[in-house]
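These are the residues of each chain, in order.
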Amino acid sequence: MLLQNNCQFIGNLGNDPEVKHLKNEKTVVNFNIAVNESYKNKQGEKVTTVDWMRIVLWNGVASIAEKHLKKGSKIAVAGKARNRSYEDKEGVTKYITEYICDTILMLDGKNTTAETANFPVTTSEPAPSVEETQLTPEEIDDLPF
């Protein structure tokens, strides 16, 4: 089966996961990962670039991330890209690309346990639809990110 909106990244968390427990008993976790790419320029020098990816996890996978991930953790994630916009408190429209992931793989042994060691943690439920992830203005104001 060919997936049209599928992405996978390997990187390190740039911050501790930010957790929000919503009124509808859903959990959302947000963090940024640094994804490095290295290449040699025309002069033969090694150049490394870093891109920051905004990762969003929901429910079961979010609970695992809340318990086991911290700043600096090396992980692989898989999911789909989503572009969205919102208005900030000053009424300015902001645009954001985020990656809604339903699979994580913890790659450094220091944060793993027998429960999560070196195998993918995948939610048994699909990532929520766009409609399911729409938050009320009150919930947006309460988000820690």
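These figures come from a predicted structure and were not determined experimentally.

### Structural notes on the overall build of the protein chain
Part 1 of the argument: Counting its secondary structure elements, the protein chain contains 2 helices and 7 strands.
Part 2 of the argument: Ordered by position in the sequence, the α and β elements of the protein chain form the string β-β-β-β-α-β-β-β-α.
Part 3 of the argument: Taken across its 145 residues, the protein chain has 38% of its residues classed as buried.
Part 4 of the argument: Counting contacts in the protein chain only where the partners sit at least 6 residues apart, residues at least 24 apart contribute 59% of the total.

### Regarding the pattern of salt bridges
Part 1 of the argument: All told, the structure shown has 3 salt bridges when counted by the stated rule.
Part 2 of the argument: Linking Glu-98 and Arg-84 is a salt bridge whose minimum nitrogen-to-oxygen distance equals 2.7 Å. One end of the pair, Glu-98, is in strand 6 (residues 93–106); the other, Arg-84, is in strand 5 (residues 74–87), with 14 residues separating them in the sequence.
Part 3 of the argument: The buried category is assigned to Glu-98, whose relative accessible area is 5%.
Part 4 of the argument: For Arg-84, a relative accessible area of 30% corresponds to the partly exposed category.

### Observations concerning the confidence of the model for the protein chain
Any residue range with low pLDDT should be treated as having predicted coordinates unsuitable for detailed reading.
Part 1 of the argument: Summary statistics for the protein chain give a mean pLDDT of 82 and a share of 73% for residues scoring 70 or more.
Part 2 of the argument: Of all helices and strands in the protein chain, the one with the weakest mean pLDDT is strand 7 (residues 121–122) (52), whereas strand 4 (residues 46–58) scores best (96).
Part 3 of the argument: Between residues 111–119, whose pLDDT stays under 50, and residues either more than four places distant or in other chains, the model counts 18 contacts.

### Details of the packing of aromatic side chains
Part 1 of the argument: A full pass over the atoms with the stated rule returns 1 aromatic pair.
Part 2 of the argument: For the ring pair Phe-9 and Tyr-99, a centre distance of 4.9 Å and an interplane angle of 75° mean the geometry is edge-to-face. You can see Phe-9 sitting in strand 1 (residues 7–13) and its partner Tyr-99 sitting in strand 6, a full 90 residues away along the chain. Tyr-99 shares its class with Phe-9; the two are buried.

### Examining the side chain of Asn-15
Part 1 of the argument: Tracing the backbone shows Asn-15 in the loop between strand 1 and strand 2 (18–21).
Part 2 of the argument: Of note is the side chain of Asn-15, whose polar atom sits 3.1 Å from the backbone nitrogen of Asn-32.
Part 3 of the argument: The contacts of Asn-15, once residues within four sequence positions are left out, are Asn-30, Phe-31, Asn-32, Lys-70 and Lys-71.

### Comments concerning the nonpolar core
Part 1 of the argument: In this structure, Phe-31, Ile-33, Ile-55, Leu-57 and Ile-104 are the most contacted members of the largest nonpolar core, which totals 21 residues.
Part 2 of the argument: Listing elements by their share of this core, those giving two or more residues are strand 1, strand 3 (27–40), strand 4, helix 1 (59–68), strand 5 and strand 6.
Part 3 of the argument: Contact partners of Leu-57, with chain neighbours within four places excluded, come to Thr-27, Val-28, Val-29, Phe-31, Ala-62, Ala-65, Cys-101 and Ile-104.

### Focus on the pairing of strand 5
On a regular strand, one side chain projects to one face of the sheet and the next to the other, so that they alternate.
Part 1 of the argument: As paired strands, strand 1 and strand 5 are joined by 6 bridges and run antiparallel to one another. Across the sheet, residue Asn-12 finds its bridge partner in strand 5, namely Lys-74.
Part 2 of the argument: As paired elements, strand 5 and strand 6 share 13 bridges and run antiparallel to each other. Bridge pairing in strand 6 places Gly-79 opposite Cys-101.
Part 3 of the argument: Hairpin remark: strand 5 followed by strand 6, antiparallel, with 5 residues in the connecting loop; positive phi at Gly-91, about 85°.

Definitions and cut-offs
- Residues numbered from 1 in each chain as written.
- Predicted model: local features only at pLDDT ≥ 70, side-chain atom pairs only at ≥ 80, totals over all residues.
- Heavy atoms only, no water.
- Helix = DSSP H or I, 4+ residues; strand = E, 2+ residues; numbered from the N terminus.
- Buried < 20%, exposed > 50% of the residue type's maximum accessible area, 1.4 Å probe, protein only.
- Contact = heavy atoms within 4.5 Å.
- Salt bridge = Lys/Arg side-chain N within 4 Å of Asp/Glu carboxyl O.
- pLDDT = per-residue confidence, 0-100.
- Phe/Tyr/Trp six-rings, centres within 6.5 Å; stacked < 30°, edge-to-face > 60°.
- Polar contact = N/O pair within 3.5 Å; in protein donor to acceptor, adjacent residues only side chain to side chain.
- Core = buried A, V, L, I, M, F, W, Y, C linked by side-chain atoms within 4.5 Å.
- Pairing = 2+ DSSP bridges.

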